[in-house]
Amino acid sequence: MNPLNHTTDFNQTPFLAIWEVTQACDLACVHCRASAQPERHPLELSTEEGKRVIDEIAAMKTPVFVLTGGDPLKRPDVFDLIQHAQTVGVRVSLTPSATPLLTREMVVRLQQAGLARLAVSLDGACAATHDAFRGLSGSFVRTLDAIHWANEIGLPVQINTTFSRRNLTEINVIVALLESVKVTLWSVFFLVPTGRGKLADLLDAQEFEAIFAKLYHLSKTASFDIKTTEAQHYRRYLLQQRTAQRQAGRGAAPAAEKIADSIGRAPRGLNDGKGFVFISHTGEVYPSGFLPLRAGNVRRQSLASIYRHSPLFQSLRDTSRLQGKCGACEFKEICGGSRSRAFALTGSPLGEEPCCSYIPRGYVPTEQIQARPQGLRVLQGA
């Protein structure tokens with residue numbers, strides 16, 4: 001087992017499992033990987049099938065389990081699913097959409113059912129930006145309300161923010177807003193051009209680095225933890241900064257005291273298909289919700305078998321197969337680049353990360369990666 005992965009053997013057990021319980025959602029977010037729609041799909045996993053998936057998650061001892069969508073609140077059995085997860089020892093996070101379905105009563109009922117963390121999206125520092133991002137007027141206010149409702153009853157809150165060209169200039173104000181409420185984790189997503197996500201909204205490598213710098217400095221003082229999604233090279237940035245501090249004779253500054261939270265943090269090395277598994281609303285299994293390559297279906301195979309033995313998952317966990325500068329990079333064991341973004345822009349899930357500015361020591365590129373103008377992959381069924 002790679003010691004960088006702490007106690008989780010990614011060849012056997014995913015650290016994070018996400019089940020998209022439905023694609024139904026009343027929002028029309030501009031970056032939605034699932035191209036969600038208002039009505040539920042008739043072939044969604046049933047309640048009993050969902051409980052069997054949860055039992056498999058429990059058997060695999062996966063530390064982090066998320067119910068997502070679409071909007072999970074569109075499923076009337078969401079409380080039963082959470083209660084079942086709690087019964088079998090699985091701690092659940094849930095990502096509801098900020099629509100009229102999300103009320104104070106709903107937040108209370110979710111906590112009573114056994115929800116361990118509420119995760120809501122905040123994609124702008126004001127209603128104009130956020131609501132345009134989400135495609136529904138009033139979503140910004142309801143998001144802030146949900147945070148306050150959860151704070152009032154002691155339910156831990158995670159904030160998800162997706163950065164793109166639409167909201168990059170608001171990052172400082174978003175941070176200030178986060179610091180005004182009680183948050184356990186800020187999960188910073190970096191756009192993958194799939195589903196409704198547009199290639200024109202994708203940030204470039206230097207803009208990624210600029211956000212990394214802000215996140216690094218914020219992590220020293222913030223009361224909440226910070227993680228990135230589809231920006232695996234932030235781990236490389238962190239190591240570079242810490243190494244530079246040691247070489248300059250400066251020890252790491254004492255970390256700010258974080259708000260207590262019972263859900264673990266992802267170890268270094270986590271990547272699409274490598275410590276991560278995604279189950280679609282119809283049971284299809286993917287390395288990530290952003291990587292539209294199917295590896296099997298839980299209606300026909302066990303989740304453990306798919307995760308451990310599918311050729312797709314095995315190839316994604318084999319860093320010797322990475323291409324381009326990712327394959328040559330000295331940080332590939334802790335980073336590995338976004339496999340989803342590589343696929344979206346190059347057509348290969350093993351291609352190099354298109355939005356990383358770092359050049360590995362001694363690396364001489366043999367070819368230039370060209371982003372396909374029409375190379376957006378729509379994730380159907382996941």
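Higher on the page you've got the structure.
Report on the accompanying structure.

How each quantity is defined
- Residues numbered from 1 in each chain as written.
- Predicted model: local features only at pLDDT ≥ 70, side-chain atom pairs only at ≥ 80, totals over all residues.
- Heavy atoms only, no water.
- Helix = DSSP H or I, 4+ residues; strand = E, 2+ residues; numbered from the N terminus.
- Buried < 20%, exposed > 50% of the residue type's maximum accessible area, 1.4 Å probe, protein only.
- Contact = heavy atoms within 4.5 Å.
- Areas by Shrake-Rupley, 256 points an atom, 1.4 Å probe, with all protein chains shown as cover.
- Salt bridge = Lys/Arg side-chain N within 4 Å of Asp/Glu carboxyl O.
- Right-handed = clockwise from strand over helix to strand, strands pointing away.
- Pairing = 2+ DSSP bridges.
- Axes fitted to C-alpha atoms, helices over the stretch in contact; angles between N-to-C directions.
- Parallel < 35°, antiparallel > 145°, perpendicular 65-115°, else oblique.
- Left-handed = near helix turned anticlockwise from the far one by under 90°.
- 1 Å grid on protein atoms, 1.4 Å probe; cavity = no way out; pocket = protein on both sides within 12 Å on 5 of 7 lines; lining within 4 Å.
- Points joined across faces, edges and corners; volume = space filled by probe spheres on them.
- Phe/Tyr/Trp six-rings, centres within 6.5 Å; stacked < 30°, edge-to-face > 60°.
- Lys NZ or Arg CZ within 6 Å of the ring centre and 35° of its normal.
- Polar contact = N/O pair within 3.5 Å; in protein donor to acceptor, adjacent residues only side chain to side chain.

**A short note on the overall build of the chain**
Turning to step 1, where the next piece is worked out: Scanning the chain from N- to C-terminus turns up twelve helices and ten strands.
Turning to step 2, where the next piece is worked out: Looking at the chain as a whole, 58% of its 382 residues qualify as buried.
Turning to step 3, where the next piece is worked out: The long-range share in the chain, meaning contacts at least 24 apart out of those at least 6 apart in sequence, stands at 76%.
Turning to step 4, where the next piece is worked out: Of the roughly 15600 Å² of accessible surface on the chain, 51% is carried by carbon and sulfur atoms.

**Some thoughts on the pattern of salt bridges**
Note that side chains of opposite charge can pair when their charged atoms are close.
Turning to step 1, where the next piece is worked out: Under the defined criterion, the tally for this structure stands at 15 salt bridges.
Turning to step 2, where the next piece is worked out: In this structure, lysine 51 engages glutamate 48 in a salt bridge whose closest nitrogen and oxygen atoms are separated by 4.0 Å. Within this pair, lysine 51 and its partner glutamate 48 are both found in helix H1 (residues 47–60), separated by three residues, close to a single helical turn.
Turning to step 3, where the next piece is worked out: Judged by relative accessible area, glutamate 48 falls into the partly exposed class, the value being 48%.
Turning to step 4, where the next piece is worked out: Ionic pairing is found between glutamate 330 and arginine 361, a salt bridge with its closest N-O pair at 3.6 Å. On the criterion of sequence distance, the pair formed by glutamate 330 in the loop between helix H11 (324–328) and helix H12 (339–346) and arginine 361 in the segment after H12 is long-range, its members being 31 residues apart.
Turning to step 5, where the next piece is worked out: When its relative accessible area of 69% is taken as the criterion, arginine 361 is described as exposed.
Turning to step 6, where the next piece is worked out: Through salt bridges with shared partners, one network takes in Arg40, Glu44, Arg75 and Asp77.

**Observations concerning the pairing of strand S1 (residues 16–20)**
Turning to step 1, where the next piece is worked out: The buried fraction of S1 is high, at five of five residues.
Turning to step 2, where the next piece is worked out: Burial of S1 is two-sided: the residues Leu16, Ile18 and Glu20 facing one way and the residues Ala17 and Trp19 facing the other way are all buried.
Turning to step 3, where the next piece is worked out: One crossover worth recording links S1 to the parallel strand S2 (residues 64–68) by way of H1, and it is right-handed.
Turning to step 4, where the next piece is worked out: Bridging between S1 and strand S8 (residues 276–279) involves four bridges; their strand directions are parallel. The residue of S8 that forms the bridge with tryptophan 19 is isoleucine 279.

**Brief notes about the packing of H1 against helix H2 (residues 78–87)**
Turning to step 1, where the next piece is worked out: It is at 10 Å that the axes of H1 and H2 come closest, and there the two elements cross at 30 degrees. What the angle tells us is that H1 and H2 run roughly parallel. Relative to H2, the crossing made by H1 is right-handed. Taking contact as the criterion, the partners of Thr47, Gly50, Lys51, Ile54 and Asp55 in H1 are, on H2, Asp80, Leu81, His84 and Ala85.

**Details of empty space enclosed by the protein**
Turning to step 1, where the next piece is worked out: Counted under the stated rule, the structure contains two cavities of 30 Å³ or more.
Turning to step 2, where the next piece is worked out: One number sums up the size of the largest cavity: a volume of about 110 Å³.
Turning to step 3, where the next piece is worked out: Taken together, 13 residues make up the lining of the largest cavity; nearest its centre are His233, Cys326, Cys329, Cys335 and Cys356.
Turning to step 4, where the next piece is worked out: If you trace the second largest cavity, you find it lined by Asn271, Lys274, Leu316, Thr319, Leu322, Lys332, Cys335, Gly336 and Arg339.

**Concerning the packing of aromatic side chains**
Turning to step 1, where the next piece is worked out: Inspection of the entire model under this criterion finds eleven aromatic pairs.
Turning to step 2, where the next piece is worked out: Between phenylalanine 163 and tryptophan 186, the aromatic rings sit 6.2 Å apart at their centres with planes inclined by 80 degrees, giving edge-to-face as the arrangement. Pair noted here: phenylalanine 163 is in strand S5 (residues 157–163) and tryptophan 186 is in strand S6 (residues 185–190), with a separation of 23 residues, a long-range link. Accessibility classification places phenylalanine 163 together with tryptophan 186 in one group, the buried group.
Turning to step 3, where the next piece is worked out: Aromatic ring contacts, followed pair by pair, group Phe190, Phe208, Phe212, Tyr216, Tyr234 and Tyr237 into a single cluster.
Turning to step 4, where the next piece is worked out: Here arginine 109 stacks its cationic end above the ring of phenylalanine 79, 3.9 Å away from the centre of that ring.
Turning to step 5, where the next piece is worked out: One cation-aromatic arrangement involves arginine 317 over tyrosine 307; the distance from NZ or CZ to the ring centre is 4.6 Å.

**A short note on the side chain of threonine 229**
Turning to step 1, where the next piece is worked out: Relative to the helices and strands, threonine 229 is located in strand S7 (residues 225–229).
Turning to step 2, where the next piece is worked out: Overall, threonine 229 belongs to the buried group, its relative accessible area being 14%.
Turning to step 3, where the next piece is worked out: Side chain to side chain, threonine 229 and serine 187 meet in a polar contact 3.4 Å long.
Turning to step 4, where the next piece is worked out: Once residues within four sequence positions are removed from consideration, threonine 229 is found in contact with Ser187, Val188, Phe189 and Phe190.

**Let's talk about the environment of isoleucine 54**
Turning to step 1, where the next piece is worked out: Among the secondary structure elements, isoleucine 54 is positioned in helix H1.
Turning to step 2, where the next piece is worked out: Look at isoleucine 54 and you get buried, because its relative accessible area is 0%.
Turning to step 3, where the next piece is worked out: Apart from the residues within four sequence positions on either side, isoleucine 54 is in contact with Trp19, Phe65, Leu81, His84, Ala85, Val88 and Val90.

**Re the environment of cysteine 335**
Turning to step 1, where the next piece is worked out: In this fold, cysteine 335 is placed in the loop between H11 and H12.
Turning to step 2, where the next piece is worked out: By relative accessible area, cysteine 335 is classed as buried at 9%.
Turning to step 3, where the next piece is worked out: A sequence separation of 102 residues divides cysteine 335 from histidine 233, and the C-alpha atoms of the two residues are 5.4 Å apart.
Turning to step 4, where the next piece is worked out: Contact partners of cysteine 335, with chain neighbours within four places excluded, come to Gln232, His233, Arg235 and Asn271.

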